[in-house]
There are 2 protein chains.
Amino acid sequence: MTTMKEISALAGVSVSTVSLVLNNRDSGRVNTQTAEHIRALAHQLGYKPNQMARSLRTSRTHILGFLSDEVATTPYAGAMISGAQDAASQYGYVIMTVSTDNEAQERHEIAALERYGVDGFFLAKMSNRHSRVPENLSEYPVVLVNSTYDYSSAKKTSIAGVPRYTGIAPDEKRIGYDATKRLIDAGCTRIAYIGCHEPMIAETLRFEGYQDALKDARIEYDSNLCIQVGNNTPALQAVHSLIDKHHPDGFFCFNDARAWYVYDCAARLGQEIGRDIHIVGVDNHRVLAETLSPQLTTIELPHYEMGYWAACKLISMIEEKDTQDFEIPDTTAPLPSLDNDGDVFIQCALIEKESV
Amino acid sequence: MTTMKEISALAGVSVSTVSLVLNNRDSGRVNTQTAEHIRALAHQLGYKPNQMARSLRTSRTHILGFLSDEVATTPYAGAMISGAQDAASQYGYVIMTVSTDNEAQERHEIAALERYGVDGFFLAKMSNRHSRVPENLSEYPVVLVNSTYDYSSAKKTSIAGVPRYTGIAPDEKRIGYDATKRLIDAGCTRIAYIGCHEPMIAETLRFEGYQDALKDARIEYDSNLCIQVGNNTPALQAVHSLIDKHHPDGFFCFNDARAWYVYDCAARLGQEIGRDIHIVGVDNHRVLAETLSPQLTTIELPHYEMGYWAACKLISMIEEKDTQDFEIPDTTAPLPSLDNDGDVFIQCALIEKESV
DNA sequence: CTGTTAGCGCCTTCAG
DNA sequence: CTGAAGGCGCTAACAG
């Protein structure tokens, strides 16, 4: 590792001069010739600033701590981390990931990240949930990812009018609405909802969105067409008996996995998906997208995008930078403005395939 | 952030004494009374060592760089990162994750990690592949995860008899063997192989394992029962026509996703899985495990375990520590000894469910 | 048993 | 336009 010292020796100038030049603070302060010489040397020796030393001096590490649960077990962790990572990388930051499946571990890992002097924290959840924020994070910039702040845990909900914590999560209600609307537009009149029997924000809101869409289309809500199911055989049987008894022509499924139950029933009954019955899922889960035949029309959960947005937001908080300075890339789901604080909801894209 | 300086002031001793005590190097060097006092103060003030400062001094950061491809798009990234993370955390290390989907990005991210002075690198692949190791990593301890070293890219394959790079990957051949054996034990005599049409290490070796198992059971290999398929409708049709023409009673599927095609055909044909036909997959993919009915018997790919092993190995290389000092946890797939170098293969567990 | 000294690599006044 | 000096927080010789 070449240091400024070595460069300064070779260039015959002092370390301070090298520092000025290499931090681009030399305009009008250092002779252009020497500046160029220094830059050339640095490049040629493959100089890399030592972040440790710099951080020690500036008390800014450009490290972002990514706390998240269930990293090991969900397929979504990668996308969220990757989105955060890409944005971070673009603005000169780096990410330390840490998984926190219980409170003891959480404390331990937060302490580890604090030792490294991270500039801020992501708090990511693998399923959309309200989250409390650990006490000892109150001094840091924090952004919730796939999660919103649990105000019931709050002492102050806002500071000087600005919401206490900002978080980004999918617009679940709209997911339900858009999916159902798509089925209505395809001509379905008896639309089933295959929900999830665990209590979740997503379950409640998607179901509400489903009902709203029916109402707007003046289709009467029929509770017989709605079931909440778990996994495997019991779920499959429930779907089977729903179909037997009530003959829906469209299915809005809580997620892509649950859409599989409909596929299986259709195969048994000899129904053709996309013609006899129509299906919309949620997730755009890669494995299912690559597998199911006919391909599943689904609403994509923008995990990558949420990670990306959260990183931009977090960096803007750390640097107190104008949010205009961030380039928001075009993604399948359009990213919200960074000016938002508090609960931010991201619209999810409907991916047209063959099941509608 | 309280510093050693502050503690030393309060305790009325010098910073060095505090340093000694808080690093547990005080036995027989510092008065037990003062040592206790210092510890008490540190605890009470919530002292946290500043890793940056420490690293600057020791040139050890206890940061591990995790380079990996396709983090965003595969469901396995989380498990590998999480395994590495858990082991790292146990030995006082922390992980910086970085995704590298092209060479330019890879160089950029490696440079970023080098600035932070990472102590070593993971090189993770989302599908088992031979990997070259970037030139500029040659000075670092490196462990490949879900990957083995591409010796064709090497100048020296070993140094003083020790293989150049060590990597851990699933024992693919054994996967094919064990899966097929399981079907044979269940009484299947016409066992189909539903493979993958992309050229991959896993495809080649699992197929070999399949053939070996047949041979050991004196079942004649029939190429009519073996197909290599891609995704979606074409794959489904290929499986369908295989069943139509050759009536297999057992299916070894390259992965769980491909097992779905068999499920779909069985549903159409009214065959009962686990009785009329038997299926073994590979992946133990969570979404499919939670969904398919009857549940799929499958061989689990030990991503978490590979991450865990790789972290232990990497740390042992960094610290030149005796491999005996590492506690290897009990996992579904038994972890290999850390004494191995070069290509290390991990045996994968067969998860008994209902499809056999 | 404890303190002094020096320095890791870098940045930032402040003098020249 | 440039250099010297000081210090971020911590560790490690070496002296006392």
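Residues numbered from 1 in each chain as written. Chains lettered and ligands numbered in written order. Predicted model: local features only at pLDDT ≥ 70, side-chain atom pairs only at ≥ 80, totals over all residues. Heavy atoms only, no water.

- As annotated in an unreviewed UniProt entry, chain A carries the name LacI family DNA-binding transcriptional regulator and comes from Alloscardovia theropitheci.

**Remarks on the protein's contact with DNA strand D**
For step 1, the next point in the chain: In the region of DNA strand D, 26 residues are neighbours, and A:Arg29, A:Asn31, A:Arg57, B:Tyr47 and B:Arg57 sit closest.
For step 2, the next point in the chain: Taking the atoms of DNA strand D that fall within 4 Å of the protein, sugar and phosphate contribute 62% of them.
For step 3, the next point in the chain: A:Ser16 is positioned such that a nitrogen or oxygen atom in its side chain is 3.1 Å from a base nitrogen of DNA strand D.
For step 4, the next point in the chain: In the environment of DNA strand D, a phosphate oxygen lies 2.4 Å from a nitrogen or oxygen atom belonging to the backbone of A:Asn31. (Near = heavy atom within 4 Å. Polar contact = N/O pair within 3.5 Å; in protein donor to acceptor, adjacent residues only side chain to side chain.)

**Digging into the relation of the copies chain B and chain A**
For step 1, the next point in the chain: When chain B is brought onto chain A, the operation consists of a screw motion whose angular component is 180 degrees and whose axial shift is 0.0 Å, with 0.1 Å RMSD remaining. One copy is carried onto the other by what is essentially a two-fold rotation axis.
For step 2, the next point in the chain: Take the interface residues of chain B: 100% of them recur as interface residues in chain A, which is what a same-surface contact looks like. (Least-squares fit on C-alpha atoms with pLDDT ≥ 70 in both. Contact = heavy atoms within 4.5 Å.)

**Things to note about the packing of aromatic side chains**
Residue and element names in this part refer to chain A.
For step 1, the next point in the chain: Applying the stated criterion across every chain yields a total of 26 aromatic pairs over all chains.
For step 2, the next point in the chain: Between the aromatic rings of Phe 207 and Tyr 210, the centroid separation amounts to 5.9 Å while the plane-to-plane angle is 20 degrees, which identifies the pairing as stacked. Highlighted residues: Phe 207 and Tyr 210, both in helix α8 (residues 201-216), separated by 3 residues, approximately one helical turn. Of the two residues, Phe 207 and Tyr 210, both sit in the buried class. (Phe/Tyr/Trp six-rings, centres within 6.5 Å; stacked < 30°, edge-to-face > 60°. Helix = DSSP H or I, 4+ residues; strand = E, 2+ residues; numbered from the N terminus. Buried < 20%, exposed > 50% of the residue type's maximum accessible area, 1.4 Å probe, protein only.)

**Here's the deal with the protein's contact with DNA strand C**
For step 1, the next point in the chain: The environment of DNA strand C is formed by 24 residues, the closest being A:Arg57, B:Ser16, B:Arg29, B:Asn31 and B:Arg57.
For step 2, the next point in the chain: Within the backbone of B:Ser14, a nitrogen or oxygen atom sits 2.8 Å from a phosphate oxygen of DNA strand C.
For step 3, the next point in the chain: The contact in question runs from a base nitrogen of DNA strand C to an N or O atom on the side chain of B:Arg57, over 3.0 Å.
For step 4, the next point in the chain: Those elements that provide at least two residues to the surface near DNA strand C are α2 (15-22) and α4 (51-58) of chain A together with α2 (15-22) and α4 (51-58) of chain B.
For step 5, the next point in the chain: For the surface near DNA strand C, the element with the most residues is α4(A), which contributes 4 residues.
For step 6, the next point in the chain: Looking at the surface near DNA strand C residue by residue, the class counts come to 8 nonpolar, 12 polar and 4 charged. (Nonpolar A, V, L, I, M, F, W, Y, C, P; charged D, E, K, R; others polar.)

**Some thoughts on the side chain of B:Thr297**
Residues and elements named next belong to chain B.
For step 1, the next point in the chain: Tracing the chain through its elements places Thr 297 in strand β12 (residues 297-300).
For step 2, the next point in the chain: Look at Thr 297 and you get buried, because its relative accessible area is 0%.
For step 3, the next point in the chain: Those residues in contact with Thr 297 that sit more than four places away from it in its chain are Ile 279, Val 280, Gly 281, Leu 350, Ile 351, Glu 352, Lys 353, Glu 354, Ser 355 and Val 356.

**Some words on the nonpolar core**
For step 1, the next point in the chain: Of all hydrophobic cores here, the largest spans 99 residues; its most connected members are A:Ile279 and B:Ile279.
For step 2, the next point in the chain: Leave out the neighbours within four places in its chain, and A:Ile279 touches A:Leu183, A:Phe251, A:Cys253, A:Ala259, A:Val262, A:Tyr263, A:Ile273, A:Leu296, A:Thr297, A:Ser355 and A:Val356.
For step 3, the next point in the chain: Within the second largest apolar cluster, 68 residues are counted, among which are A:Ala311, B:Ala84, B:Ala88 and B:Tyr93. (Core = buried A, V, L, I, M, F, W, Y, C linked by side-chain atoms within 4.5 Å.)

**Details of helix α9 (residues 232-246) of chain B**
For step 1, the next point in the chain: Taking 1.5 Å of rise per residue, 15 residues should cover 21 Å, and α9(B) covers 21 Å from first to last C-alpha, within 8% of that figure.
For step 2, the next point in the chain: Inspection of α9(B) places B:Asn232, B:Ala235, B:Leu236, B:Val239, B:Leu242 and B:Ile243 among the buried residues, and these make up the whole buried set. On an axial view of α9(B), the arc spanned by its buried residues comes to 125 degrees, and they lie on one face. Of the exposed residues in α9(B), the ones pointing more than 90 degrees away from its buried face are B:Pro234, B:Gln237 and B:Lys245.
For step 3, the next point in the chain: Elements that come into contact with the buried residues of α9(B) comprise α11 (286-291) of chain A together with β8 (191-196), β9 (226-229), β10 (250-253) and α10 (256-269) of chain B.
For step 4, the next point in the chain: Positioned one or two residues after α9(B), B:His247 has a phi angle of 45 degrees, which is positive. (Expected span 1.5 Å × (residues − 1). Arc of directions from axis to C-beta.)

**Considering the side chain of A:Glu106**
For step 1, the next point in the chain: In this structure, A:Glu106 sits in helix α6 (residues 103-115).
For step 2, the next point in the chain: Apart from residues lying up to four places away in sequence, A:Glu106 is in contact with A:Thr100, A:Arg132 and A:Pro134.

**Points about the sheet that holds β9(B)**
All names here are of chain B.
For step 1, the next point in the chain: Ordered by their spatial adjacency, 6 strands build an open sheet running β9-β8-β10-β11-β12-β14, and the pairing between neighbours is mixed. Edge positions in the sheet fall to β9 and β14 (350-351), since each has one partner strand and no second.
For step 2, the next point in the chain: Contacts from helix α7 (residues 172-185) reach β8, β10, β11 (278-283), β12 and β14 within the one sheet, and its direction differs from that of β10 by about 165 degrees.
For step 3, the next point in the chain: Against the sheet, α10 makes contact with β8, β9, β10, β11 and β12, and its axis sits at roughly 155 degrees relative to β11, the strand it touches most. (Pairing = 2+ DSSP bridges. Axes fitted to C-alpha atoms, helices over the stretch in contact; angles between N-to-C directions.)

**Topic: the interface of chain B and chain A**
For step 1, the next point in the chain: Counting residues at the interface gives 64 residues for chain B and 64 residues for chain A.
For step 2, the next point in the chain: Here chain B meets chain A over a buried area of about 5400 Å², counting both sides, of which 57% is carbon and sulfur.
For step 3, the next point in the chain: Where chain B meets chain A, there are 2 salt bridges.
For step 4, the next point in the chain: Where B:Glu114 meets A:Lys48, a salt bridge forms, and the shortest distance between an N and an O atom there is 3.3 Å.
For step 5, the next point in the chain: In this structure, the connection of chain B to chain A is made through 25 residue pairs in polar contact (both at pLDDT 80 or more).
For step 6, the next point in the chain: Among the secondary structure elements, those contributing two or more residues to the side of chain B that touches chain A are α4, α5 (77-90), β2 (94-99), α6 (103-115), α9, α10 and α11 (286-291) of chain B.
For step 7, the next point in the chain: Looking at side-chain class alone, the side of chain B that touches chain A contains 31 nonpolar, 22 polar and 11 charged residues.
For step 8, the next point in the chain: With 3 bridges connecting them, strand β2 (residues 94-99) of chain A and β2(B) associate as antiparallel partners. (Buried area = accessible area lost by both parts, 1.4 Å probe. Salt bridge = Lys/Arg side-chain N within 4 Å of Asp/Glu carboxyl O.)

**Examining the environment of B:Glu220**
For step 1, the next point in the chain: Assignment of secondary structure puts B:Glu220 in the loop between α8 (201-216) and β9.
For step 2, the next point in the chain: The sequence separation of B:Glu220 and B:Lys313 amounts to 93 residues, and the corresponding C-alpha distance is 42 Å.

**Re the sheet that holds strand β9 (residues 226-229) of chain A**
Residues and elements named next belong to chain A.
For step 1, the next point in the chain: What the 6 strands build is an open sheet, ordered β9-β8-β10-β11-β12-β14; its pairing is mixed. Each end of this open sheet is capped by a strand with a single partner; those strands are β9 and β14 (350-351).
For step 2, the next point in the chain: Across 4 bridges, strand β8 (residues 191-196) lies against β9 in parallel orientation. Pairing of Cys 196 across the sheet is with Val 229, part of β9.
For step 3, the next point in the chain: Along the sheet, helix α7 (residues 172-185) makes contact with β8, β10 (250-253), β11 (278-283), β12 (297-300) and β14, crossing β10 at roughly 165 degrees.
For step 4, the next point in the chain: Seen against the sheet, helix α9 (residues 232-246) touches β8, β9 and β10 and runs at an angle of roughly 170 degrees to β9.

**Some details on the pattern of salt bridges**
All names here are of chain A.
For step 1, the next point in the chain: Per the counting criterion, the structure on display carries 36 salt bridges over all chains.
For step 2, the next point in the chain: Asp 212 is paired through a salt bridge with Lys 173; the nearest N and O atoms lie 3.9 Å apart. Here the residue Asp 212 occupies a position in helix α8, and Lys 173 occupies one in helix α7, the gap between them amounting to 39 residues.
For step 3, the next point in the chain: Judged by relative accessible area, which is 33%, Lys 173 ranks as partly exposed.

**Quick word on the domain arrangement of chain A**
For step 1, the next point in the chain: Its domain assignment divides chain A into domain 1 (4-49), domain 2 (61-170 + 303-345) and domain 3 (173-300).
For step 2, the next point in the chain: When each unit is reduced to the centre of its C-alpha atoms, the spacing between domain 1 of chain A and domain 3 of chain A is 63 Å. (Domains from an automatic or database assignment.)

**Side note on the packing of α5(B) against helix α12 (residues 303-319) of chain B**
Residue and element names in this part refer to chain B.
For step 1, the next point in the chain: Packing of α5 against α12 leaves a shortest axis separation of 6 Å and a crossing angle of 40 degrees. Judged by the angle between their axes, α5 and α12 are oblique. Pair α5 / α12 crosses with right-handed handedness. Here α5 contributes Ala 79, Met 80, Ser 82, Gly 83, Ala 84, Asp 86, Ala 87, Ala 88 and Gln 90 to the contact with α12, which in turn contributes His 303, Tyr 304, Gly 307, Tyr 308, Ala 311, Cys 312 and Ile 315.
For step 2, the next point in the chain: A breakdown of the residues in the contact of α5 with α12 according to their chemical character gives 10 nonpolar, 5 polar and 1 charged. (Parallel < 35°, antiparallel > 145°, perpendicular 65-115°, else oblique. Left-handed = near helix turned anticlockwise from the far one by under 90°.)

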